[in-house]
Amino acid sequence: MRLLLAIFEGIVFRTVLAMCPESDHWGGWWGYDGYSSGPTRWGDNEDWTICKSGKHQSPINIEPHKILFDPHLQPLQLEATAISGLFRNNKKDLTFLVNGQGVGVNITSGPLSYRYRLYQIKLHFGRENQSGSEHTVDGRGYDGELHFMAYNTELYANYTEAQTSPRGIAIVAVFLTIGKFDHSAFKILQERFFVIDKQDTCTDIQNFPLADLLPKSIEHFITYSGSLTQPGCRESVTWVILNKPIHISQQQLDDLRTVPYQEWRDSNARPIMPLNNRTIRTNINFRKRSRLCSMDVSKKYQANEDLLRR
Ligand SMILES: *[C@@H]1O[C@H](CO)[C@@H](O)[C@H](O)[C@H]1NC(C)=O
Ligand SMILES: *[C@@H]1O[C@H](CO)[C@@H](O)[C@H](O)[C@H]1NC(C)=O
Ligand SMILES: *[C@@H]1O[C@H](CO)[C@@H](O)[C@H](O)[C@H]1NC(C)=O
Ligand SMILES: *[C@@H]1O[C@H](CO)[C@@H](O)[C@H](O)[C@H]1NC(C)=O
């Protein structure tokens, strides 16, 4: 029986594992802890000096009293069709590489002046409660953070080119937090955690319900200009951090925390980088008051209560 099971599992696993695309040649060098390869050393690589010297780096801590209400910010548009692609354990994080063929998922409006196309979704997480998100709000982290990464298709041929170019990348960030129930879309990923349990392995996922991985409302967000949070830390990113988190169950979080072959100790979140006087804007006018001109509104804008409510 056991032998039969082993054979059966062998067949199943062989069919769900897929070939990974080749990593870039620096892929193995950097990490999240350790004196010689941790985040403080990323900038030592000559291609990545901006990790160290850049003034518009990410992630940041979002201080609610510094967020400005911008009445001209439109709601974000994301055409969430089903997606297919490769789900990869690359040792640093888990990444869903969206299949480049087909019409593509467009992200527009909000703070974006161009059309961006989704190319990958990255999962950042940690071992402890309220650690694992890259951005923090008022000094507090969440249990994880999903990055829906898109590149500017109006100006650039592919994300490699877009990463190093002005207005090249848009990242929609969604915080992960714990809830009472299993999250149905997250479950599809969760079921694969222990398939991609070897170093740098991939599995094929078809017709993934992207819309279900996003919060029900994506209308409200905060936005700022920053960088990629992994090397080369390019400052080509428009960040859109959604106001609403998604909720996964304790079991789902436990499974995420114990994904094998993640090469970091506490979390794969880059430490907080200085804001350096950048403006953080929002389209949430939580103190909506008529008869005020917009300048007054922005001066009066205060913390986004939704982000603060835990
Ligand atoms: C995204 O935009 C492109 C260019 O306008 C379009 O061809 C494509 O159909 C759009 N994708 C979806 C899912 O509508
Ligand atoms: C983390 O959260 C879980 C569920 O909310 C709780 O059972 C556990 O005690 C927490 N762990 C710590 C170290 O606070
Ligand atoms: C990306 O586009 C650039 C410019 O068109 C091209 O030189 C490069 O080969 C492309 N890279 C990939 C990975 O397709
Ligand atoms: C931020 O702004 C203050 C006041 O305008 C200025 O003194 C300071 O040098 C600025 N800091 C950076 C890093 O730009």
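Calculation notes
The written sequence of each chain sets the order in which its residues are numbered from 1. Written order determines the labels here, with chains lettered from A and ligands numbered from 1. Only residues with pLDDT of at least 70 are given local features in this predicted model, and only at 80 or more are side-chain atom pairs given and counted; all residues enter the totals for whole chains, interfaces and linings. Side-chain measures were taken over the full set of non-hydrogen atoms in the model, leaving aside hydrogen atoms and water. A helix here means a DSSP run of H or I that spans at least four residues, while a strand means a run of E at least two residues long, and both kinds are numbered starting from the N terminus. Under this definition, polar contacts are N or O atom pairs within 3.5 Å; protein pairs additionally need one hydrogen-donor-capable and one acceptor-capable atom, and for neighbouring residues in sequence, both atoms have to be side-chain atoms. The contact criterion used is simple: two residues touch if any of their non-hydrogen atoms lie within 4.5 Å. A pairing counts as a salt bridge when a side-chain nitrogen of Lys or Arg comes within 4 Å of a carboxyl oxygen of Asp or Glu. Accessible area is worked out with a 1.4 Å probe on protein chains only. A residue is then buried under 20% of its type maximum, exposed over 50%, and partly exposed in between. Side-chain rings of Phe, Tyr and Trp, where Trp is taken by its six-membered ring, are said to pair if the distance between their centres is within 6.5 Å; with planes under 30 degrees apart they count as stacked, over 60 as edge-to-face, and otherwise as tilted. Cysteine sulfur atoms that pair up within 2.5 Å are treated as a disulfide. Proximity is defined per residue: any heavy atom of the residue falling within 4 Å of a molecule or strand makes that residue near it. Under the scheme applied, nonpolar residues are Ala, Val, Leu, Ile, Met, Phe, Trp, Tyr, Cys and Pro; charged residues are Asp, Glu, Lys and Arg; polar residues are all the others, including Gly. In this description, strands pair whenever DSSP reports at least two bridges between them.

What follows deals with the side chain of Arg-257. Secondary-structure assignment places Arg-257 in helix H6 (residues 250-257). A distance of 3.2 Å separates the side chain of Arg-257 from the side chain of Asn-129, its partner in a polar contact. Apart from the residues lying within four places of it in its own chain, the contact partners of Arg-257 are Gly-126, Arg-127, Glu-128, Asn-129, Gln-130, Asp-143 and Gln-250.

A word on the pattern of salt bridges. Tallied over the entire structure, the rule returns 9 salt bridges. A salt bridge links Lys-52 to Asp-44; the shortest N-O distance between them is 3.0 Å. Overall, Asp-44 belongs to the partly exposed group, its relative accessible area being 40%. Glu-63 is the salt-bridge partner of Lys-66, the closest N and O atoms lying 3.2 Å from each other. Several salt bridges converge on common partners, so that one network encompasses Arg-41, Asp-44 and Lys-52.

Under the definition given, this model contains 13 aromatic pairs. Ring geometry for Trp-30 against Trp-42: centres 5.3 Å apart, planes inclined by 80°, an arrangement best described as edge-to-face. Here Trp-30, found in the loop between strand E1 (17-18) and helix H2 (50-53), pairs with Trp-42, found in the loop between E1 and H2; they are 12 residues apart in sequence, far enough to count as distant. Of the two residues, Trp-30 and Trp-42, neither departs from the other in class, the shared state being buried.

What follows is about the state of the cysteines. By the definition in use, this model includes 2 disulfides. Each disulfide pairs two cysteine sulfurs, and for Cys-20 the partner residue is Cys-202, the sulfurs being separated by 2.2 Å. Taking the torsion about the sulfur-sulfur bond, which here is approximately 115°, the covalent link between Cys-20 and Cys-202 counts as right-handed. Of this pair, Cys-20 sits in the loop between E1 and H2 while Cys-202 sits in strand E12 (residues 201-208); the two residues are 182 residues apart in sequence, bridging distant segments of the chain. The partner cysteine of Cys-51 in its disulfide is Cys-233, sulfur to sulfur 2.1 Å. One disulfide, between Cys-51 and Cys-233, carries an S-S torsion of 90° and so falls in the right-handed class. One end of the pair, Cys-51, is in helix H2; the other, Cys-233, is in the loop between strand E13 (221-226) and strand E14 (237-242), with 182 residues separating them in the sequence. Taken individually, Cys-51 and Cys-233 each receive the classification buried, so the pair is uniform in this respect. Numbered in order of appearance, the disulfide-bonded cysteines of the chain are paired 1-3, 2-4.

Near ligand 1 you find Glu-79, Thr-81, Val-103, Gly-104, Asn-106 and Arg-115, and these make up its full shell. Glu-79 places a side-chain nitrogen or oxygen 2.9 Å from an oxygen atom of ligand 1. In the environment of ligand 1, an oxygen atom lies 2.4 Å from a nitrogen or oxygen atom belonging to the side chain of Asn-106. Residue composition of the shell around ligand 1, grouped by class: 1 nonpolar, 3 polar and 2 charged.

Here the bond from Ser-58 into Pro-59 is cis, since omega is 0°, no more than 30 degrees from zero. Structurally, Pro-59 is set in the loop between H2 and strand E2 (61-62). We note that Arg-167 has phi near 55°; this positive angle belongs to a residue other than glycine. Turning to its location among the elements, Arg-167 is positioned in the loop between helix H3 (159-163) and strand E11 (169-178).

Okay, the side chain of Ser-227 next. Position of Ser-227 among the secondary structure elements: in the loop between E13 and E14. Looking at Ser-227, the relative accessible area reads 0%, which means it is buried. Sequence-distant contacts of Ser-227, defined by excluding residues within four places in its chain, comprise His-56, Gln-57, Ser-58, Cys-233, Arg-234, Glu-235, Val-237, Trp-239 and Arg-270.

All right, on to the pairing of strand E6 (residues 94-98) then. In terms of residue burial, E6 counts as a mostly covered element, since 5 of its 5 residues are buried. The two faces of E6 match: Leu-94, Phe-96 and Val-98 on one face and Thr-95 and Leu-97 on the other face are all buried. For strand E5 (residues 83-89) and E6, the ladder comprises 5 bridges, and the chain directions are antiparallel. Residue pairing for E6: Gly-85 is matched across the bridge by Val-98. Linkage of E5 to E6, two consecutive antiparallel strands, is achieved through a turn of 4 residues, within which Lys-91 is found at a positive phi near 80°.

What follows is about the environment of Ala-82. Considering the arrangement of structural elements, one finds Ala-82 in the loop between strand E4 (76-78) and E5. Separated by 126 residues in the primary sequence, Ala-82 and Phe-208 place their C-alpha atoms 5.1 Å from one another. In this structure, Ala-82 is in contact with Asn-207 and Phe-208, ignoring residues within four places of it in sequence.

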